[in-house]
Amino acid sequence: MDMIEVVLAMMILAVAIGFVGWVIAGRRAAAAERRQRPARLRDAALVFVERQFRSLGRWPVIARVDRVYRKPSGILVLVELKTRASPVVTRSDVIQLSAQRMAMEDELHATVADEAYVLIPRGHRGTSLIPLPVNLMAREEVEDLMRRRDALLRGLVEPRWPASQRTCRTCGFRDRCGRAP
């Protein structure tokens, strides 16, 4: 064997080893993802990861979903991954997932389940996830929120103040608000 053949053989071997490593890593990642699913989604197929959907109606919505699963019945189930200190579902989670459902239904003309999940890492290392079920809002409720947002931005209605001042401290509009503490 001359030097060119040796180098070529080594390159082919390196590519083959890299490919095998890539396949093994993919299988490990898929197995880890399957273990972290909510129990009700064990029989479902992962169909979308980090995908954007659009609803182009009177109140357009552009939503990026974290994960979407298809149950054997054909119904799609939304899953949102969150990083936070405590395992709670917030109102903004419900609104976000409900808007995602609206965008997906409009773009895909598919049925999306009324229940979704928020997955939150357990403990500081986050090696396992806590699945929290979320009951989604009806389309009319999401559209009502969109109408209210539009009216607020146009100055047609006054904002409602939160029950807790803690909410004001983390609000993105705090600098523009004349009433925030």
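This write-up is about the structure you can find in this document. Bear in mind the structure is a predicted one, so any value in this text is a computation, not a measurement. (Residues numbered from 1 in each chain as written. Predicted model: local features only at pLDDT ≥ 70, side-chain atom pairs only at ≥ 80, totals over all residues. Heavy atoms only, no water.)

Notes on the overall build of the chain
For clarity, the threshold we go by: Helical segments are the DSSP runs of H or I of at least four residues, strand segments are the runs of E of at least two, and each set is numbered from the N terminus. Within these notes, the globule rule equals 2.2 Å times the number of residues to the 0.38 power, and the radius of gyration is based on C-alpha atoms. Each residue is placed in one exposure class: buried if its accessible area under a 1.4 Å probe, protein chains only, is under 20% of its type's maximum, exposed if it is over 50%, and partly exposed if it falls in between. Pairs of residues are marked as contacts when any of their non-hydrogen atoms sit within 4.5 Å. Each accessible area value is a Shrake-Rupley result obtained with a 1.4 Å probe; residue values ignore everything except the protein chains displayed when judging cover. Charged residues are defined narrowly, with Lys and Arg counted positive, Asp and Glu counted negative, and His plus the chain ends left uncounted. Working definition for charges: the position is that of NZ of Lys, CZ of Arg, CG of Asp or CD of Glu.
A count of helices and strands for the chain gives four helices and five strands. Taken from N to C terminus, the helices and strands of the chain fall in the order α-β-β-β-α-β-β-α-α. Whereas a compact globule of 181 residues would reach a radius of gyration of roughly 16 Å, the chain reaches 23 Å, over 25% beyond that. Oriented by its inertia axes, the alpha-carbon framework of the chain measures out at about 85 × 40 × 30 Å. Per-residue burial for the chain yields a buried fraction of 27% across its 181 residues. Of all intrachain contacts in the chain linking residues separated by at least 6 positions in sequence, the fraction that spans at least 24 positions is 51%. When the accessible surface of the chain is summed, it comes to about 12,500 Å², and 57% of that surface belongs to carbon and sulfur atoms. When the 31 basic and 20 acidic side-chain charges of the chain are each reduced to a single mean position, those positions are 6 Å apart.

What to know about the sheet that holds strand 3 (residues 76–81)
Test applied: The pairing criterion is simple: DSSP has to find at least two bridges between the two strands. Every axis corresponds to a line fitted to the C-alpha atoms, with the helix fit spanning only the stretch in contact, and the corresponding angles, defined between N-to-C directions, vary from 0 to 180 degrees.
The five strands are arranged 1-2-3-4-5 in an open sheet whose pairing can be described as mixed. On the outer flanks of this sheet lie strand 1 (45–55) and strand 5 (128–135), each paired with one strand and no other. Sheet twist, expressed as the mean angle between neighbouring strand axes with direction ignored, is 35 degrees. In this sheet, strand 3 lies alongside strand 2 (residues 61–70) in antiparallel orientation, the contact comprising four bridges. Each bridged residue has a counterpart across the sheet, and for valine 68 the counterpart in strand 3 is leucine 78.

Considerations on helix 3 (residues 139–153)
Heads up, the rule is: Every helix has an expected span of 1.5 Å times one less than the residues it contains.
When the terminal C-alpha atoms of helix 3 are compared, their 21 Å separation across 15 residues agrees well with the 21 Å that a helix rising 1.5 Å per residue should span. For helix 3, every residue scored as buried is listed here: Val142, Met146 and Ala151. Tucked inside the fold, the buried residues of helix 3 contact strand 2 and helix 2 (91–108).

Description of the packing of helix 2 against helix 3
Rules: Here is the rule for angles: anything less than 35 degrees is roughly parallel, anything more than 145 is roughly antiparallel, 65 through 115 is roughly perpendicular, and the remaining ranges are oblique. Gly falls in the polar group here, along with every residue not listed as nonpolar (Ala, Val, Leu, Ile, Met, Phe, Trp, Tyr, Cys, Pro) or charged (Asp, Glu, Lys, Arg).
At their nearest, the axes of helix 2 and helix 3 sit 10 Å apart, and the two run at 110 degrees to each other. In terms of axis orientation, helix 2 runs roughly perpendicular to helix 3. Across from Arg91, Ile95, Ser98, Ala99, Met102, Glu105 and Asp106 in helix 2, the residues of helix 3 making contact are Arg139, Val142, Glu143, Leu145 and Met146. When the residues that make up the contact of helix 2 with helix 3 are grouped by side-chain class, the tally is six nonpolar, one polar and five charged.

Comments concerning helix 2
Along its 18 residues, helix 2 runs 26 Å from first to last C-alpha, staying within 8% of the 26 Å computed at 1.5 Å per residue. Taken together, the buried positions of helix 2 are occupied by Asp93, Val94, Leu97, Ser98, Ala99, Gln100, Arg101, Met102, Ala103 and Met104. Buried residues in helix 2 make contact with strand 1, strand 2, strand 3, strand 4 (115–122), strand 5 and helix 3.

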